[in-house]
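# Examination of the molecular architecture
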Amino acid sequence: MGDGESAVRITGTGHASVFIETSAGSILCDPWVNPAYFASWFPFPDNSELDWDRLGNCDYLYVSHLHRDHFDAQTLAKHVRKDTVVLFPDFPTSSMHDELTDLGFTNLRRMPNEEVVELDGGVNVMVQAMTAPTDGPLGDSSIWVEDNGVRVLNQNDARPHSLEAFAKLGHLHGHLLQFSGAIWYPMVYDLPPAAKRAFGEQKRERQLDRSLRYIQDVNADWVFPIAGPPCFLDPELFELNDVFADPGNIFPDQQVFVDFMAEQGHDNGVVLLPGTEVGLTKESIDIQQPIADVPAFFTTENKLAYLADFQARQLETIAAERASWSHPEIDLFAAINEWFEPIMEQADQISHGIGGPVLFELTGPSPEEGPTPPVVEEIVLDFVNRTVRRPEASDKPRYRFRLQRRLIEHLVFIREEDWVNHLFLSARFEAKRIGQYNEFVYTFFKCLSDERVNYVEGWYAEQQPDAEDIELDGWVVQRRCPHLKADLTRFGEIDGDTLQCMLHGWEWNLKTGKCLTSAGHEIRATREAGDSEAVQA
């Protein structure tokens, strides 16, 4: 960097966490160190040896959302000063605000959505809050920072339908975004191995393509892939790590994505390891890596050896976590009945969207060796009659979840209102469904409180049909995706009579208007003028 150039300094602190130093002070983003989701996820690479007391002595704290690989309560409580200014996204529900105040944070500054705010010292920031039911646990966000003309967007794993709000603020010099998987699909589904591998390959391709589209949208000078992948150190889950030459693995690492970018003509990707330091100006970049050969670290042989060593260090932690899950004193059926039925009664649109029973098959703990543990209890959530009951012979469950009973015991014990954020991301279950993917099922399990279910029901009720049409490959279709309002002029691709929105991979049959990915979400589509075949859905 030349003399006198203003610079933003970015230090990689693991996964989605970064430490941004500006002329107005430092911003610690999404610190995550401890295992998450029933000790299934660990940061990769290990970031526990960083000086978290120094990092926690920050001027500002930004936590993008409540997913536990972003909101690490233990690290926040132990290391981050409680009088720091929290740049708080304008979320519609109180969950994250309540958790931060319970941890002792006293200076929460709610950021007006998509408005540039000047911090003390002249640095500008803008936070974009996402509030659809499918955004994180009812909320995700991104933060934009500008210091003396140097602009950085930390998108983490937010998936807005457009980055226009940031692009119009000026050319970006740094862009941090997710690229790897952060879901349980298709690994947990009861599918033939070949089908599961094929679905995994599609998922991997889509998530890489989605990230590339975001990169192309803002065309930043430098791109930093973050927010993934986690690593899986429990022996039961170790096969989920991308070290076994499985083309269907959805957890590619940072080097894989940087190489993918280069193959697509973008040679501006930078791997952020824990401890990587970057000085970024309008004209230049200075990168200091904590190891001599970054690509060599990610070779299969070296990565596998690293994970095996990391696993050995964490087996005691995993055992302690496992020991904390069992609560045999809980009458599980009675507790679920008392908790869920009032929520189901309020969930008009969610219950209608599910339209059938959901079955939980609960087993004993998994043995270290031997057959799959037997089912010890079954619970049905009947979304037609809005009751919690035992199975009946006539049941045809829309979804079936099989998992250890003690996992549900623990969720009941801690009264966890978002099971997606604890249970499903753990991948410690098996799922089977009849028919298409149904987003209402997983939305319900984010809404296990009066506040959450009422917000989501209101959100669904307020959605209006999209009135604007576009022409796309011989079809006139509504401009906005029926799923999450993505702009189909940018994300829509047509193959024959099928439209796919590349933001999340959802598909529609344009002849019928029916969604091929999930129940509901019909699309409006007609052939262009002069074509004899048309549909209005």
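Quick note: structure is the one above.
Here we summarise the structure given alongside this text. Keep in mind that this is a model prediction, so the values were computed, not measured.

## Let's talk about the overall build of the chain
- Helix and strand content of the chain: 14 helices and 25 strands.
- For 537 residues, the compact-globule estimate of 2.2 N^0.38 gives 24 Å, and the C-alpha radius of gyration of the chain, at 23 Å, lies within 12% of that figure.
- Overall size of the chain, expressed as C-alpha extent along the three principal axes, is 75 × 70 × 45 Å.
- Counting all 537 residues of the chain, 57% fall into the buried class.
- When contacts within the chain are restricted to residue pairs at least 6 apart in sequence, long-range pairs at least 24 apart make up 66% of them.
- Of the roughly 21400 Å² of accessible surface on the chain, 46% is carried by carbon and sulfur atoms.

## Topic: the pairing of strand β11 (residues 174–178)
- Counting buried residues along β11, five of its five residues qualify, which places the element largely inside the surrounding structure.
- Of the two faces of β11, the one lined by Gly174, Leu176 and Gln178 and the one lined by His175 and Leu177 are each fully buried.
- Note: strand β10 (residues 150–156) against β11, four bridges, orientation parallel. Bridged to Asn156 within β11 is Leu177.
- By the bridge criterion, five bridges tie β11 to strand β12 (residues 222–226) in an arrangement that is parallel.

## Some points on helix α9 (residues 332–346)
- For α9, with 15 residues, the first-to-last C-alpha span of 22 Å sits near the 21 Å given by 1.5 Å per residue.
- Bending of α9 peaks at approximately 30° at the position of Phe340, with proline Pro342 no more than four residues after it.
- Every buried residue of α9 is accounted for by Leu332, Phe333, Ala335, Ile336, Trp339, Phe340, Ile343 and Met344.

## Description of the packing of aromatic side chains
- One pass over the structure, following the stated rule, counts 45 aromatic pairs.
- Here the aromatic rings of Phe42 and Phe310 are separated by 6.0 Å at their centres, their planes lie at 75°, and the arrangement is edge-to-face. Highlighted residues: Phe42 in the loop between β3 (25–29) and α1 (52–56) and Phe310 in helix α8 (residues 300–323), separated in sequence by 268 residues. In this structure, Phe42 and Phe310 share a single accessibility class: buried.
- Taking 5.9 Å as the distance between ring centres and 35° as the angle between the ring planes, the aromatic pair formed by Phe257 and Phe260 counts as tilted. Taken as a pair, Phe257 and Phe260 lie in helix α6 (residues 254–263) at a separation of three residues, close to a single helical turn.

## Overview of the pattern of salt bridges
- Scanning the entire structure with this criterion turns up 34 salt bridges.
- Between Asp395 and Arg389 there is a salt bridge; the shortest N-O distance is 2.8 Å. Residues Asp395 and Arg389 agree in their burial class; the two are buried.
- With a closest N to O distance of 4.0 Å, Arg452 and Asp418 form a salt bridge.

Cut-offs applied
- Residues numbered from 1 in each chain as written.
- Predicted model: local features only at pLDDT ≥ 70, side-chain atom pairs only at ≥ 80, totals over all residues.
- Heavy atoms only, no water.
- Helix = DSSP H or I, 4+ residues; strand = E, 2+ residues; numbered from the N terminus.
- Rg over C-alpha atoms; globule rule 2.2 N^0.38 Å.
- Buried < 20%, exposed > 50% of the residue type's maximum accessible area, 1.4 Å probe, protein only.
- Contact = heavy atoms within 4.5 Å.
- Areas by Shrake-Rupley, 256 points an atom, 1.4 Å probe, with all protein chains shown as cover.
- Pairing = 2+ DSSP bridges.
- Expected span 1.5 Å × (residues − 1).
- Bend = angle between axes of the 7 residues up to and from the residue.
- Phe/Tyr/Trp six-rings, centres within 6.5 Å; stacked < 30°, edge-to-face > 60°.
- Salt bridge = Lys/Arg side-chain N within 4 Å of Asp/Glu carboxyl O.

Treat this as a map of the structure, not an account of what it does.
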